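Coordinates in review
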Amino acid sequence: MSNSSSSISQFLLLAFADTRELQLLYFWHFLGIYLAALLGNGLIIITIACDHRLHTPMYFFLLNLSVLDLGCISNTVPKAMANSLWDTRAISYTGCVAQLYFFLFLIITEYYLLTVMAYDRYIAICHPLHYGTLLGSRACVHMGAAAWGGGFLHAVLHTANTFSLPLCHGNAVDQFFCEIPQILKLSCSDAYLREIAVIVVGACLSCGYFVFIVVSYVQIFRAVLRIPSQQGRHKAFSTCLPHLAVVSLFFSTAVFANLKPSSISSLFLELALAFLYSVFPPTVNPLIYSMWNQELKDAMWKLITGCF
């Protein structure tokens, strides 16, 4: 870490409101969202772990997705809730580094995992006879480990690069959690170009994965439309549409947040967009899968009724 950075002992996060009443209102709002995300993702994890019928590659990856969603929302929301409750904006330097690292780690890993899940659906629908061979238990573990490992390495690189920059513009972060763009705003002029180069390389890789997902779904839809029976098409679509909806939600919120015109930038808009891509998907993803996947819905209902 540079001397300028090490002289900062804490950062000040952006407050949601100026009045105590609104801060408490935001606290209860975030508490409800957080509990909903815990319930939804926790229920999916327990259901998949306990029901042997769901011990398949698709649900193995879905379990990993729910774990990532739980981690992602737990990394940002509890701190925002605590700050609203205790009327403070402070986060320690170490806490900011950890928050940024885990946010990157979980988000990047989720992106890799969504790519793997697209491959899983492609093999299941376009090459069903080879599904057991290409996606055996060992292959699933290896692909899952590759997604987690890739997220870990990229997060280490970005975090180390970001916090090695000298910070010359105070310690006020214009966001409710620590993220790279806001930390770069505090860095000295031209010092952030190194991290920008790393981000550009990462963006190019991300485009490659996005193209892979798009091509996979083009092939999937072509294969599904060739299925003669309507029931067969419906079953195939029911296993693909939840993943496609989650991917669309993930990309649309992330792309709009990062590529919005600077002319419409404002603190309120920054907060709203950060909420959309960091809090909204982990909360909504369980709802998407439980609504559209009948097999998972039946297993969850069986689990719930069996507990009472």
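Here, every reference points to the structure presented above.
Remember, it's a predicted structure, so these values are computed and weren't measured experimentally.

Further remarks concern the overall build of the chain. A count of helical and extended segments in the chain gives 12 helices and two strands. Its helices and strands taken in sequence order, the chain reads α-β-α-α-β-α-α-α-α-α-α-α-α-α from the N to the C terminus. The C-alpha radius of gyration computed for the chain amounts to 21 Å, which stays within 12% of the reference 19 Å derived for 308 residues, consistent with globular compactness. Along the three orthogonal principal directions, the C-alpha set of the chain runs to about 65 × 45 × 35 Å.

Between its first and last C-alpha, helix α11 (residues 280-292) extends 18 Å over 13 residues, near the 18 Å set by a 1.5 Å rise per residue. The complete set of buried residues in α11 reads P281, P282, V284, N285, P286, I288, Y289 and S290.

The next thing to look at is the packing of aromatic side chains. Here the structure, examined in full by the defined rule, presents 23 aromatic pairs. An angle of 70° between the planes, with centres 5.2 Å apart, marks the rings of Y112 and Y209 as edge-to-face. Remark: Y209 occurs in helix α8 (residues 193-225) and Y112 occurs in helix α4 (residues 93-126); sequence separation between them is 97 residues. Judged by relative accessible area, which is 30%, Y209 ranks as partly exposed.

This paragraph deals with a nonpolar patch on the surface. Where nonpolar side chains cluster on the molecular surface, the patch consists of F210, V211, V214, V215 and V218 and spans about 380 Å² of accessible area. Residue position: V215 is located in helix α8.

Looking now at the layout of surface pockets. A probe as big as a water molecule, rolled over the atoms, marks out the empty space that is left. The calculated volume of the second largest pocket comes to roughly 270 Å³. Along the walls of the second largest pocket sit 14 residues, with H234, S238, W292, N293 and Q294 positioned nearest its centre. Counting residues per element, the ones that place at least two in the lining of the second largest pocket are α9 (230-259), α11 and α12 (294-306). In terms of residues, the lining of the second largest pocket owes the most to one element, α9, which gives six residues. Residues of the lining of the second largest pocket, tallied by class, amount to five nonpolar, five polar and four charged.

So, on to the state of the cysteines. This structure, assessed with the given rule, holds one disulfide. In this structure C140 is a free cysteine whose sulfur lies 16 Å from that of C240, the closest cysteine sulfur available. Judged by relative accessible area, which is 5%, C140 ranks as buried. Among the cysteines around C207, which has no disulfide bond, C204 carries the closest sulfur, lying 6.3 Å off.

What counts, and where the lines are drawn
Residues numbered from 1 in each chain as written. Predicted model: local features only at pLDDT ≥ 70, side-chain atom pairs only at ≥ 80, totals over all residues. Heavy atoms only, no water. Helix = DSSP H or I, 4+ residues; strand = E, 2+ residues; numbered from the N terminus. Rg over C-alpha atoms; globule rule 2.2 N^0.38 Å. Expected span 1.5 Å × (residues − 1). Buried < 20%, exposed > 50% of the residue type's maximum accessible area, 1.4 Å probe, protein only. Phe/Tyr/Trp six-rings, centres within 6.5 Å; stacked < 30°, edge-to-face > 60°. Patch = residues over 30% accessible without salt bridge, like charges linked within 9 Å, V, L, I, M, F, W, Y side chains within 5 Å. Areas by Shrake-Rupley, 256 points an atom, 1.4 Å probe, with all protein chains shown as cover. Salt bridge = Lys/Arg side-chain N within 4 Å of Asp/Glu carboxyl O. 1 Å grid on protein atoms, 1.4 Å probe; cavity = no way out; pocket = protein on both sides within 12 Å on 5 of 7 lines; lining within 4 Å. Points joined across faces, edges and corners; volume = space filled by probe spheres on them. Nonpolar A, V, L, I, M, F, W, Y, C, P; charged D, E, K, R; others polar. Disulfide = S-S within 2.5 Å.

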